[in-house]
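# A closer look at the structure
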Amino acid sequence: MTIRTVHHVTELQAELAEWRARRESIALVPTMGNLHAGHLSLVQRAHQLGECVVVSVFVNPLQFGPGEDFERYPRTLEADAALLRQAGAHVLFAPAVADMYPGGYPPLTTVRVGGSLTDILDGHFRPGHFDGVATVVNILFNLVRPDVAVFGEKDWQQLQVIRRMVADLGMAVRVVGVPTARDADGLALSSRNQYLGAAERALAPRLYAALQAVAAGIEAGRRDFEVLCLEQKRALEAEGFRPQYLEVRSQDLSPARAEATAFVALVAAYLGGTRLIDNLSLRLVS
Ligand code: PAF
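Presented here is a report on the structure given in the accompanying data block. (Residues numbered from 1 in each chain as written. Predicted model: local features only at pLDDT ≥ 70, side-chain atom pairs only at ≥ 80, totals over all residues. Heavy atoms only, no water.)

### Some thoughts on the packing of aromatic side chains
Here is the rule we go by: Note on ring pairs: Phe, Tyr and Trp rings are taken, using the six-membered ring of Trp, and paired if centres are within 6.5 Å. Classes follow the plane angle, with under 30 degrees stacked, over 60 edge-to-face and the rest tilted. Exposure classes here rest on a 1.4 Å probe applied to the protein chains alone. A residue is buried below 20% of its type maximum, exposed above 50%, and partly exposed in between.
Taken as a whole and assessed by the stated rule, the structure comprises seven aromatic pairs. Seen from their ring centres, Phe 64 and Tyr 73 are 6.0 Å apart, and the 75° between their planes marks the pair as edge-to-face. Residue Phe 64 is classed as buried on the basis of its relative accessible area of 11%. Owing to a relative accessible area of 7%, Tyr 73 belongs among the buried residues under this scheme. A centroid spacing of 6.1 Å and a plane angle of 25° characterise the contact between Phe 125 and Tyr 245, whose relative ring orientation is stacked.

### Overview of the sheet that holds strand 4 (residues 91-93)
Heads up, the condition is: The pairing criterion for strands is at least two bridges between them, as found by DSSP. The secondary structure listing takes helices from DSSP runs of H or I that are at least 4 residues long and strands from runs of E that are at least 2 residues long, numbered from the N terminus. A fitted line through C-alpha atoms represents every axis, and for helices the fit uses only the stretch in contact; the resulting angles, taken between N-to-C directions, go from 0 to 180 degrees.
In spatial order, the strands read 1-4-3-2-5-6; together these six strands make up an open sheet with parallel pairing. Among the strands making up the open sheet, the edge pair consists of strand 1 (4-6) and strand 6 (174-178). Strand after strand, the sheet turns through a mean of 25° between neighbouring axes, direction not considered. Sheet topology note: the strand 2 (residues 26-31)/strand 3 (residues 52-57) ladder contains six bridges and is parallel. Residue pairing for strand 3: Ala 27 is matched across the bridge by Val 53.

### Here's the deal with the sheet that holds strand 9 (residues 274-283)
Strand order in the open sheet formed by three strands is 7-8-9, with antiparallel pairing between adjacent strands. On the outer flanks of this sheet lie strand 7 (242-249) and strand 9, each paired with one strand and no other. Strand after strand, the sheet turns through a mean of 10° between neighbouring axes, direction not considered. In this structure, strand 7 lies alongside strand 8 (residues 262-271), joined through seven bridges in antiparallel fashion.

### Remarks on helix 11 (residues 225-238)
Since the α-helix turns once every 3.6 residues, residues separated by three or four places project in the same direction. To keep things clear, this is the line we draw: Each residue after the first adds 1.5 Å to the expected span of a helix. The directions from the helix axis to the C-beta atoms form the arc being described. Only heavy atoms enter the contact rule, under which two residues are in contact if any of them lie within 4.5 Å.
Its 14 residues give helix 11 an end-to-end C-alpha distance of 20 Å, which sits within 8% of 20 Å, the value for a rise of 1.5 Å per residue. All of the buried residues in helix 11 are Phe 225, Leu 228, Cys 229, Gln 232 and Leu 236. Within helix 11, the buried residues cover an arc of 90° as seen down the axis, which keeps them to one side. In this structure, helix 11 carries Glu 226, Arg 234 and Ala 238 as exposed residues pointing more than 90 degrees from its buried face. If you follow the buried residues of helix 11, they end up packed against helix 10 (206-219), strand 7 and strand 8. After helix 11 finishes, the residue Gly 240 shows a positive phi value of roughly 110°.

### Quick word on the nonpolar core
Going by this rule: Residues enter a nonpolar core if they are buried and are Ala, Val, Leu, Ile, Met, Phe, Trp, Tyr or Cys, with the set joined through side-chain atoms within 4.5 Å.
Counting residues in hydrophobic clusters, the biggest one holds 47 residues, and the most contacted among them are Met 100 and Phe 141. The set of elements that each furnish at least two residues to this core consists of helix 1 (9-21), strand 2, strand 3, strand 4, helix 7 (129-144), strand 5 (148-152), helix 8 (156-168) and strand 8. Among the elements that take part in this core, helix 7 stands out by supplying 10 residues, more than any other. Setting aside chain neighbours within four positions, we find Phe 141 in contact with Leu 28, Pro 146, Ala 149, Phe 151, Ile 162, Met 165, Val 166, Met 171 and Val 173. Counting residues in each nonpolar core, the second largest holds 26 residues, with Ala 260, Phe 263, Ala 269 and Leu 282 among its members.

### Quick look at the site of the ligand
Definition in use: We define proximity as follows: a residue is near a molecule or strand when any one of its heavy atoms falls within 4 Å of that partner. The term polar contact refers here to a pair of N or O atoms within 3.5 Å; inside protein, the definition further demands a hydrogen-donor-capable atom paired with an acceptor-capable atom, and it admits residues adjacent in sequence only when both atoms are side-chain atoms. The Shrake-Rupley method, run with a 1.4 Å probe sphere, supplies the accessible areas, and residue values consider only the shown protein chains as cover. Basically, the charged four are Asp, Glu, Lys and Arg, the nonpolar ten are Ala, Val, Leu, Ile, Met, Phe, Trp, Tyr, Cys and Pro, and anything else, Gly included, counts as polar.
Taken together, the neighbourhood of the ligand is formed by Pro 30, Thr 31, Met 32, Gln 63, Val 136, Phe 151, Asp 155 and Gln 158. In this structure, Gln 63 approaches the ligand through a side-chain N or O atom, which is 2.6 Å from an oxygen atom. Starting from 290 Å² of accessible surface for the ligand in isolation, the protein chains cover 89%. The class makeup of the residues in the shell around the ligand is four nonpolar, three polar and one charged.

So this is what it looks like as structure tokens:
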């Protein structure tokens, strides 16, 4: 079966009506395009979860702050379509801003998940970012009405924000997270990695190594989370990173408790002009 590329909501809905008429379930993979192996692992998971795999490609202006990389974010729709064809996706939805925000841009109505999830970590350094994400994902859910939606764990905080939005608003969609795909040297795959120069790219896996060092400390019994993270932040700084945060939290992003058995370590750091994020979740076995 060949992939159907649709740009407008009416085409999308006509296409999905055929799947629904056959009582086939719909799995949605929301993306901003410039697809890599990490995205393809989401598509692969979507195939296991639904009969019709819909991939959206939309660089959402609402989730970019002033001075961020909205303008230069790589847009590679033809290459994306070719990869999705090979991956067996059924529908590629590639709308324009006017299709996603039919009432006009910026929209008057937005979705805000509470500050205990959205004012911390990335939300602290990118004010309004998660409002933009929650709003566009809500719109995608309304347009596609998927049975299941698949997101990467690479954006751990985003995944928690979306899960909470779905729970709080009683949305009838199952949210599934997929582990982060990494290059052989540990660097998490990201469309933004291509902004890195050769020397920066060689250094970039140190970010994951810092998370691994934090995880090793916890596994060895350390519970002085702040000191543990500060040590690794300092090490990153000494190597040329400009870390914004490196924190240990509970997996739902509430403060980490010493007696807990599941944690996530999260980091964001600039390397030159490129902002990288990563995280590592761990569950202690007794
Ligand atoms: O993770 C992303 O690529 C984006 O934040 C998403 C979920 C597609 C919303 O624009």
